[in-house]
Amino acid sequence: MKIDHEIFMREALIEARKAEEIGEVPIGAVIVKDGIIIARGHNLRETTKDPTAHAEMIAIHRASRELGGWRLHGCTLYVTLEPCQMCAGALVQARVDHLVYGAKDPKAGCAGTLFNLLQDERFNHQVDITSGVLEEESSKMLKDFFTKLRKNGN
């Protein structure tokens, strides 16, 4: 079965828009198992005052609850921005099979840009990576958000 990554990345972009609507950095994530979205998340760091409230972390937490366990075998996480070190580590710990992301993160990307924590063979689990899916849309949303912030003096 061929999976159309763009379909699920568009769902992650919907989550990113939800974050933007509440003043959060527009990053969204969905987790898919057997072709069905089982969890969604978007950035909530400012809202919750929690540095771990990244879109990926929220989606992982929700997927674990949905599946009734911490091992997310057979799952793919779609996220609009390349995961940071915390989120990459959580993907390894949760045993997620596959990561699909949109925009590269030159400041914190740990799925190949700065580091590749997801495929380091020293860990007991490696995650397959597909990058650049709807990269332009993901990148534009982030750039527009930060341009607007700068214009407003933030």
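Worth saying up front: this structure is predicted, and the values here are computed from it rather than measured. Counting from 1, residues in each chain are numbered in the order their sequence is written. With pLDDT at 70 or above as the cut-off, local features in this predicted model cover only qualifying residues; side-chain atom pairs require 80 or more to be listed or tallied, and sums for whole chains, interfaces and linings still use all residues. Only hydrogens and water are removed before side-chain values are computed, so all heavy atoms of the structure are retained for them.

**Description of the UniProt feature "domain: CMP/dCMP-type deaminase" (unreviewed entry) in the chain**
And step 1. UniProt positions are given in the numbering used here, feature names are shortened, and annotations may be inferred rather than shown by experiment. As annotated in UniProt, the feature "domain: CMP/dCMP-type deaminase" (unreviewed entry) corresponds to residues 3-128 in the numbering used here.
And step 2. The helix count covers DSSP runs of H or I at least four residues long, the strand count covers runs of E at least two residues long, and both are numbered beginning at the N terminus. Structurally, residues 3-128 comprises 34% helix and 21% strand, and the distance from its first C-alpha atom to its last is 14 Å.

**Describing the layout of surface pockets**
The gaps of empty space that remain are located by a probe, the size of a water molecule, rolled over the atoms.
And step 1. Taken as a whole, the largest pocket spans an internal volume of roughly 550 Å³.
And step 2. Taken together, 21 residues make up the lining of the largest pocket; nearest its centre are Ile27, Leu81, Asp105, Leu142 and Phe146.
And step 3. Residue contributions to the lining of the largest pocket peak at 5 residues, all from helix α5 (residues 135-151).
And step 4. In this count, Pro and Cys sit with the nonpolar residues alongside Ala, Val, Leu, Ile, Met, Phe, Trp and Tyr, while Asp, Glu, Lys and Arg are called charged and the others, Gly among them, polar. Here the lining of the largest pocket is composed, by residue class, of 10 nonpolar, 3 polar and 8 charged. Residues are called lining when one of their atoms sits within 4 Å of a cavity or pocket point, these points coming from a 1 Å grid over the protein atoms alone, where a cavity is a set in which a 1.4 Å probe fits but cannot get out and a pocket is an open set with protein on both sides within 12 Å along at least five of seven lines. Grid points are joined across faces, edges and corners, and a volume is the space filled by probe spheres set on the points.

**Quick word on the pattern of salt bridges**
And step 1. By convention in these notes, a salt bridge is any Lys or Arg side-chain nitrogen within 4 Å of a carboxyl oxygen on Asp or Glu. For the structure shown, the criterion picks out 7 salt bridges.
And step 2. A salt bridge links Arg10 to Glu6; its shortest N-O distance comes to 3.8 Å. Placement of the pair is Arg10 and Glu6 together in helix α1 (residues 5-21), with a separation of 4 residues, close to one helical turn.
And step 3. Accessibility here uses a 1.4 Å probe with only protein chains present; expressed as a share of the type maximum, an area under 20% marks a residue as buried, one over 50% as exposed, and anything in between as partly exposed. Of the residues examined, Arg10 reaches a relative accessible area of 41% and is grouped as partly exposed.
And step 4. Close ionic contact of Asp144 with Lys140 constitutes a salt bridge, the shortest N to O distance being 2.6 Å. Here Lys140 and Asp144 lie together in helix α5, a separation of 4 residues that amounts to about one turn.
And step 5. According to the relative accessible area criterion, Asp144 is partly exposed, its value standing at 37%.
And step 6. Each of Glu11, Glu15, Lys18 and Arg40 takes part in one network of salt bridges that share partners.

**Here we look at the nonpolar core**
And step 1. Counting 28 residues, the largest nonpolar core has Ile31, Ile60, Leu72, Leu77, Leu91, Leu99 and Leu118 as the members making the most contacts within it.
And step 2. Those elements that provide at least two residues to this core are β1 (28-33), β2 (36-42), α3 (55-67), β3 (75-81), α4 (85-93) and β4 (98-103).
And step 3. Any two residues whose heavy atoms approach within 4.5 Å at even a single point are treated as in contact. Ile31 has contacts with Ile36, Ile37, Ile38, Ala39, Ala59, Ile60, Ala63, Leu72, Cys75, Thr76 and Leu77, leaving out every residue within four places of it along the chain.
And step 4. Within this scheme, the nonpolar core is defined by two criteria: the residues are buried Ala, Val, Leu, Ile, Met, Phe, Trp, Tyr or Cys, and they are joined through side-chain atoms within 4.5 Å. Judged by nonpolar contacts, the second largest core, of 12 residues, contains Ala12, Leu13, Val100 and Leu134.

**Regarding the environment of Gln126**
And step 1. Inspection of the secondary structure assignment puts Gln126 in the loop between β4 and β5 (128-130).
And step 2. As a C-alpha pair, Gln126 and Thr48 span 78 residues in sequence and 31 Å in three-dimensional space.
And step 3. Excluding its chain neighbours within four sequence positions, the residues that come into contact with Gln126 are Val96, Leu118, Gln119, Asp120 and Glu121.
And step 4. One polar contact links the side chain of Gln126 to the main-chain carbonyl oxygen of Asp120, over a distance of 3.1 Å.
And step 5. As used in this structure description, the phrase polar contact means that two N or O atoms lie within 3.5 Å; if the pair is within protein, one of them must be able to donate a hydrogen and the other to accept it, and residues adjacent in sequence are counted only when both atoms belong to side chains. In this structure the side chain of Gln126 is engaged in a polar contact, spanning 2.9 Å, whose partner is the backbone oxygen of Phe123.

**With respect to the sheet that holds β2**
And step 1. Read from one edge of the open sheet, 5 strands run β2-β1-β3-β4-β5, paired in mixed fashion. Since the sheet does not close on itself, it has two edges, and those belong to β2 and β5, each with one partner. The mean inter-strand angle of the sheet, taken between neighbouring strand axes irrespective of direction, is 20 degrees.
And step 2. Any two strands with at least two DSSP bridges between them are considered paired. Alignment of β4 against β5, held across 3 bridges, turns out to be parallel. When the bridges of β5 are listed, Leu99 appears paired with Ile129.
And step 3. Its contacts with the sheet place α3 against β1, β2 and β3, and it is angled at close to 140 degrees to β2. The axes used here are C-alpha line fits, helices contributing only the stretch in contact, and every angle between their N-to-C directions lies in the interval 0 to 180 degrees.

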